[in-house]
Amino acid sequence: MIRLHQIKCNLDEPISVLKEKCAQKLHIPISDILSLHIYKESIDARKGKVCFSYIVDLEVRHEAKCLRKAGVEKTKDESYVMPICGQREEAGEIIVAGFGPAGMFAALLLAQMGYRPLVLERGAAMETRVKKVATFWEKGSLDPECNVQFGEGGAGTFSDGKLTARSKDPRVRKVLEELVHFGAPKEILYEALPHIGTDRLRDVVVSLRKEILKLGGTIAFEEPLLDIRHDQGRISQVKTKRGWIPCKALILAVGHSARDIFALMDDRKIAMEPKGFAVGVRVEHPQDWVNRVQYKEAVNHPRLKPATYRLTYTTKKQRGVYTFCMCPGGQVITGCSQANALVVNGMSKYAREGANANSAILVQVQPDDIGPHLLDGIRFQQELEEKAFLAGGSHYKAPVQCMGDYIAHRASATLGQVIPSVHPGYTLCDLHPLFPDFVNEALEEALSGFDHQMPGFLMPDAVFTGVETRSSSPLRILRDREKLTALSLNNFYPCGEGAGYAGGIVSAAIDGLRCAEMIIRRFLQP
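Everything in this summary refers to the structure shown in the same document.

How each quantity is defined
Residues numbered from 1 in each chain as written. Predicted model: local features only at pLDDT ≥ 70, side-chain atom pairs only at ≥ 80, totals over all residues. Heavy atoms only, no water. Helix = DSSP H or I, 4+ residues; strand = E, 2+ residues; numbered from the N terminus. Rg over C-alpha atoms; globule rule 2.2 N^0.38 Å. Buried < 20%, exposed > 50% of the residue type's maximum accessible area, 1.4 Å probe, protein only. Contact = heavy atoms within 4.5 Å. Lys, Arg positive; Asp, Glu negative; His and termini not counted. Charge placed at Lys NZ, Arg CZ, Asp CG, Glu CD. Core = buried A, V, L, I, M, F, W, Y, C linked by side-chain atoms within 4.5 Å. Pairing = 2+ DSSP bridges. Axes fitted to C-alpha atoms, helices over the stretch in contact; angles between N-to-C directions. Expected span 1.5 Å × (residues − 1). Left-handed = near helix turned anticlockwise from the far one by under 90°. Phe/Tyr/Trp six-rings, centres within 6.5 Å; stacked < 30°, edge-to-face > 60°. Salt bridge = Lys/Arg side-chain N within 4 Å of Asp/Glu carboxyl O.

A separate point is the overall build of the chain. Scanning the chain for helices and strands turns up 14 helices and 22 strands. Relative to its length of 526 residues, the chain is compact, with a C-alpha radius of gyration of 24 Å against a globular reference of 24 Å. Structurally, the chain occupies a C-alpha span of about 70 × 65 × 45 Å along its principal axes. A total of 526 residues make up the chain; the buried ones form 56% of that total. Counting only contacts in the chain whose residues sit at least 6 apart along the sequence, the fraction spanning at least 24 positions is 73%. On the chain, the mean spot of the 67 positive side-chain charges and the mean spot of the 62 negative ones are 4 Å from each other.

Written out as structure tokens, the structure is:
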């Protein structure tokens, strides 16, 4: 097959014209195109006129002749190749701690290859978890072991379900194809900015879980990892509520909010290092405004989905500020996992039909900003979350401030046209006291920069909701670059966002696959 780039279609042209446009570009009869497959679909609005841009794969007659033409390339085979099983026999369980994206895909591949993993998940199964989160948002009743951060599917379950990944890793295709197999919409295979939505993602996760069980895996919900024993360079046992379990290999995929696990790793002398992370706020604008800015005269075209944006800025002091996890037509949610502390995130359903667009605005934080100790990043996050809890009134309501008031350094007393969407509610206040000076200074400077990039972004009625602190882990568990094992333990695989090796659903899933592959190549099937 051959691949063609930048096949443009205006908004009113049906998909069926793609074959004709490809034939024209190749200067061949349309009958010479035997099949057409959309590899990527994106929206191009760079020159003021919005259109669709496609990358397509074609099966054609006289392929060799077509390949000699400019802008034509051979389609690469992106099929995932299953790893070859190793021959080492060893007693004990292959244990996956955590059932977020990294843990799910690690367990899925292990099960597909006949390794029957044991998955430990501190939170509840989806059916129970959804009810507990709903109760928290309605009544402020928090379960520290089962919430927006902990439980089946991980933190990504209550998010927009974004599947963007800058990685060229061939495992990306494996992840997307598996998600479609378990119920995700097929367009995630070719859309430039694919997403599932929290409502559909929940069903996908449950279907994936059922497949692991069908293939012989075991998933123990409400079963946290409590401790590890290691000697002679390997983990020998893992402790849960049921006692000590013999361990052949451990994939640690507990996510970025399992702070007790970081403390445990520190106590057990596992090599770690502090790393940069980011903190900030969620900002909400009217989604209609975002659509108008991005789509201009095409704003109400029925083929266009709610628009997104992505902004970056470097301050005069060389500190990065950027938007993150933008949720079109979504809502802001409280994602607490610790009592008397408050953290927010963004979430969208598949339809993205809410009145507001929201995004994190995050300021980079480096280890030198906060202290010399390994766990100082976690302490810094906790302090911000505790301040946010108090500023919101100590009932898990989120502190909110209008952007214009934030710039003017005054507490908000009233709202404008943008009504905060946050569950379970909000309290108007001044957000400045929550953050250290370097965060406020960077955020204020960046808003002017963002307004230059996207005129109107600095909207006085837009609302800030605090605090966003868990976009990434402040620590990295050190591991061998080739073997993916912890530096001092040859059967311990730190994995995913919590271990410091991923930054989203797809990248975490890829890392889970990589760790599972290493175990498969090493050990004989049981």
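The next subject is the nonpolar core. Judged by nonpolar contacts, the single largest core of 77 residues is most densely connected at Leu-58, Ile-361, Phe-457 and Phe-464. Per element, the largest residue contribution to this core is seven residues, and it comes from helix H12 (residues 437–453). Dropping the residues within four chain positions of it, Leu-58 is found in contact with Met-1, Ile-2, Leu-4, Cys-22, Leu-26, Ile-33, Ser-35 and Leu-36. By size, the runner-up hydrophobic cluster in this structure holds 52 residues, among which are Ala-106, Ile-188, Ile-219 and Phe-523.

As summarised here, the arrangement of the seven strands in space is S13-S14-S17-S12-S20-S18-S19, forming an open sheet in which the pairing is mixed. Across the chains shown, the open sheet's two edge strands, defined by having one partner strand only, are strand S13 (312–314) and strand S19 (426–428). For this sheet, the mean inter-axis angle between neighbouring strands, taken without regard to orientation, is 30°. Helix-sheet contacts for helix H8 (residues 287–295) involve strand S12 (277–286), strand S14 (320–327) and strand S17 (356–365), and the interaxial angle to S12 is about 90°.

What follows deals with H12. Under the 1.5 Å per step criterion, the end-to-end length of H12 is 25 Å for 17 residues, consistent within 8% with the ideal 24 Å. Within H12 the residues assigned to the buried category are Phe-438, Val-439, Asn-440, Ala-442, Leu-443, Ala-446, Leu-447, Gly-449 and Phe-450.

Next up on the list: the packing of helix H3 (residues 101–112) against helix H14 (residues 505–522). Between H3 and H14, whose axes approach to 7 Å, the crossing angle comes to 35°. Between H3 and H14 lies a crossing of right-handed hand. Listed contacts from H14 to Pro-101, Ala-102, Phe-105, Ala-106, Leu-109 and Leu-110 of H3 are Ile-505, Ala-508, Ala-509, Gly-512, Leu-513, Ala-516, Glu-517, Ile-519 and Ile-520.

All right, on to the environment of Glu-177 then. Among the secondary structure elements, Glu-177 is positioned in helix H5 (residues 171–181). Owing to a relative accessible area of 41%, Glu-177 belongs among the partly exposed residues under this scheme. Along the chain, Glu-177 and Ile-188 lie 11 residues apart, while their C-alpha atoms are 8.8 Å from each other.

Our focus in this paragraph is the sheet that holds strand S4 (residues 72–74). With respect to topology, four strands assemble into an open sheet ordered S2-S3-S1-S4, the strand pairing being antiparallel. Whereas interior strands pair on both sides, the edge strands pair on one side only; in this sheet they are strand S2 (33–44) and S4. With direction set aside, neighbouring strand axes in the sheet form an average angle of 35°. Judged from the three bridges that link them, strand S1 (residues 2–10) and S4 form a sheet pairing that is antiparallel. Across the sheet, the residue bridging to Arg-3 is Glu-73, located in S4. Contacts from helix H1 (residues 17–26) reach S1, S2, strand S3 (51–60) and S4, with the element oriented near 120° to S1.

The full count for this structure, using the stated rule, is 11 aromatic pairs. Taking the centre distance of 5.2 Å and the plane angle of 75° together, the rings of Phe-136 and Tyr-396 count as edge-to-face. Separated by 260 residues along the polypeptide, Phe-136 in helix H4 (residues 126–139) and Tyr-396 in the loop between helix H10 (376–391) and strand S18 (398–402) bring together distant segments of the chain. Here the two residues Phe-136 and Tyr-396 agree in accessibility, since each one is buried. Ring plane angle 20° and centroid distance 6.5 Å describe the contact between Phe-380 and Phe-438, whose orientation is recorded as stacked. With a gap of 58 residues between them, Phe-380 in helix H10 and Phe-438 in helix H12 connect regions that are remote in the sequence.

Applying the stated criterion across every chain yields a total of 33 salt bridges. Across the pair Arg-46 and Asp-44 runs a salt bridge whose closest N-O atoms are separated by 2.9 Å. The partner of Lys-317 in a salt bridge is Glu-441, and the shortest N-O contact between them spans 3.5 Å. Here Lys-317 is found in the loop between S13 and S14, whereas its partner Glu-441 is found in helix H12, with 124 residues between them in sequence.

Moving on, we get to the environment of Gly-330. When you line up the elements, Gly-330 lands in the loop between S14 and strand S15 (331–334). The class of Gly-330 is buried, set by a relative accessible area of 9%. Between the C-alpha atoms of Gly-330 and Ser-421, which are 91 residues apart in sequence, the distance is 8.3 Å. Setting aside anything within four residues of it in sequence, one finds Gly-330 in contact with Met-347, Ser-348, Asn-356, Asn-358 and Ser-421.

We now examine helix H6 (residues 198–214). Taking 1.5 Å as the rise per residue, H6 with 17 residues should run 24 Å; its terminal C-alpha atoms sit 25 Å apart, in good agreement. Those residues of H6 that sit buried are Thr-198, Leu-201, Arg-202, Val-204, Val-205, Val-206, Leu-208, Arg-209 and Ile-212. In the core, the buried residues of H6 are packed alongside H3, H4, H5, strand S7 (218–221), strand S16 (344–347) and H14. Count one or two residues on from H6 and you reach Gly-216, which has phi positive near 105°.

It is worth spelling out unusual backbone geometry at this point. The residue after His-423, namely Pro-424, is reached through a cis peptide bond having omega 5°. By secondary structure assignment, the location of Pro-424 is in the loop between helix H11 (403–408) and S19. Its identity as a non-glycine residue notwithstanding, Asn-340 has a phi of 60°, on the positive side. Within the element layout of this structure, Asn-340 appears in the loop between S15 and S16. Here Tyr-396, not a glycine, exhibits a phi torsion of approximately 65°, which is positive.

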